[in-house]
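Next come the chains, spelled out residue by residue.
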Amino acid sequence: MGKPAFKALRILVTNDDGIHAPGLTVLEKIALKLTRDVWTVAPEEEQSGSAHSLSLANPLRVRKLSTRKYAIKGTPSDCVLMAVRHIMKDEMPDLVLSGVNRGQNIADDVTYSGTIAAAMEGTQLGIPSIALSQAFGFGGNIKLKWSTAEHFAPDIIKKLVAAGWPADVLININFPDVVPQSVTGIEVTRQGKRDQSLVRVEERIDARNNPYYWLGFERILSNPPQGTDLRAIYEGRISITPLHMDLTHSGTAKALNAALGTIPLKRPRRKS
């Protein structure tokens, strides 16, 4: 990754909560503290949980809201792809910022998250990308503390861009559910593992007496290991996790190669 001067940075802002989400407004403010060249291309509607999906079976509708702001009838990945390959094709962005998500994207969340997926798409397109999320709800308070992300994100992003990171890595930042004055530190973490027993399926009945279901997670604190994104957020620290696009598990690949390499290849006999 290169290290462009901040005065020359062109930033693409996107999210998965939709073009009207308050977290997107927060992220635009963050980006404007880094450069004046900020473009927003975000989903027309909420796309939480859409992961790294593309709209291959449906047309993409583009709505221009202002000179540098567009809404896409599609997924977060669609938005980044459309921005880079169409809307901003004459001058690509130097940095993709995705978020600020309404709620944390830690542990297993990263595989579901449209916020993370937008940063993945930017990374695949060769652009340094950062996902940002604001945690909430652990203490029973559902009011989001957007000021925490807004206060700390600009300096963190500046330091990350100055340091640089590998081309096949994206950065996942999560801000804890505390006011800025109560943040206890900044920690580079590894991805944690959520207790899947906290996943719930809630059954309800609609007005016509037909059942329907909501999926959700219990907001209960577990006891994760030190050094994980979960532990950092629980203890009031900002979590910064570098995520690798290559999902290959090298140790298992080596073991499987050793095991399968001993199996003789039996070719089918040719029919006479």
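Bear in mind that the values here come from a model prediction, so they are computed numbers and not experimental data. (Residues numbered from 1 in each chain as written. Predicted model: local features only at pLDDT ≥ 70, side-chain atom pairs only at ≥ 80, totals over all residues. Heavy atoms only, no water.)

### A look at the overall build of the protein chain
We count it as follows: The helix and strand labels rest on DSSP assignments: H or I over at least four residues marks a helix, E over at least two residues marks a strand, and numbering proceeds from the N terminus. Exposure classes here rest on a 1.4 Å probe applied to the protein chains alone. A residue is buried below 20% of its type maximum, exposed above 50%, and partly exposed in between. Throughout, a residue-residue contact means that at least one pair of heavy atoms, one from each residue, lies within 4.5 Å. Residue burial considers only the protein chains on display, and all accessible areas are found by Shrake-Rupley using a 1.4 Å probe. We score Asp and Glu as negative and Lys and Arg as positive, and we do not count His or the chain ends. In plain terms, the charge of a residue is placed at NZ if it is Lys, CZ if Arg, CG if Asp and CD if Glu.
Along the protein chain, the regular secondary structure elements total seven helices and eleven strands. Principal-axis analysis of the C-alpha atoms gives the protein chain an extent of 75 × 50 × 50 Å. Evaluated residue by residue, the protein chain yields a buried proportion of 48% over its 272 residues. Counting contacts in the protein chain only where the partners sit at least 6 residues apart, residues at least 24 apart contribute 76% of the total. Here the protein chain has roughly 14900 Å² of accessible surface; of this, 53% comes from carbon and sulfur atoms. Positive and negative side-chain charges in the protein chain, numbering 34 and 27 respectively, have mean positions lying 5 Å apart.

### Structural notes on a nonpolar patch on the surface
Inclusion rule: Patch membership needs two things, relative accessible area over 30% and no salt bridge, and members are linked within 9 Å if like-charged or within 5 Å if nonpolar (Val, Leu, Ile, Met, Phe, Trp, Tyr). Basic side-chain nitrogens of Lys or Arg form a salt bridge, by our definition, when they fall within 4 Å of a carboxyl oxygen of Asp or Glu.
On the surface, a cluster of nonpolar side chains totalling about 370 Å² of accessible area is made up of Val201, Tyr213 and Leu215. The residue Tyr213 is located in strand β10 (residues 211-217) in this model.

### Some thoughts on the pattern of salt bridges
Overall, the coordinates contain 13 salt bridges when judged by the stated rule. The closest approach of N and O atoms between Lys73 and Glu45, which form a salt bridge, is 2.7 Å. With Lys73 in the loop between β4 (69-72) and α2 (76-87) and Glu45 in the loop between β2 (37-43) and β3 (62-66), this residue pair connects regions lying 28 residues apart in the sequence. Taking relative accessible area as the criterion, Glu45 reaches 43% and is therefore assigned partly exposed. As a salt-bridge pair, Arg200 and Glu202 come within 3.6 Å of each other at their nearest N and O atoms.

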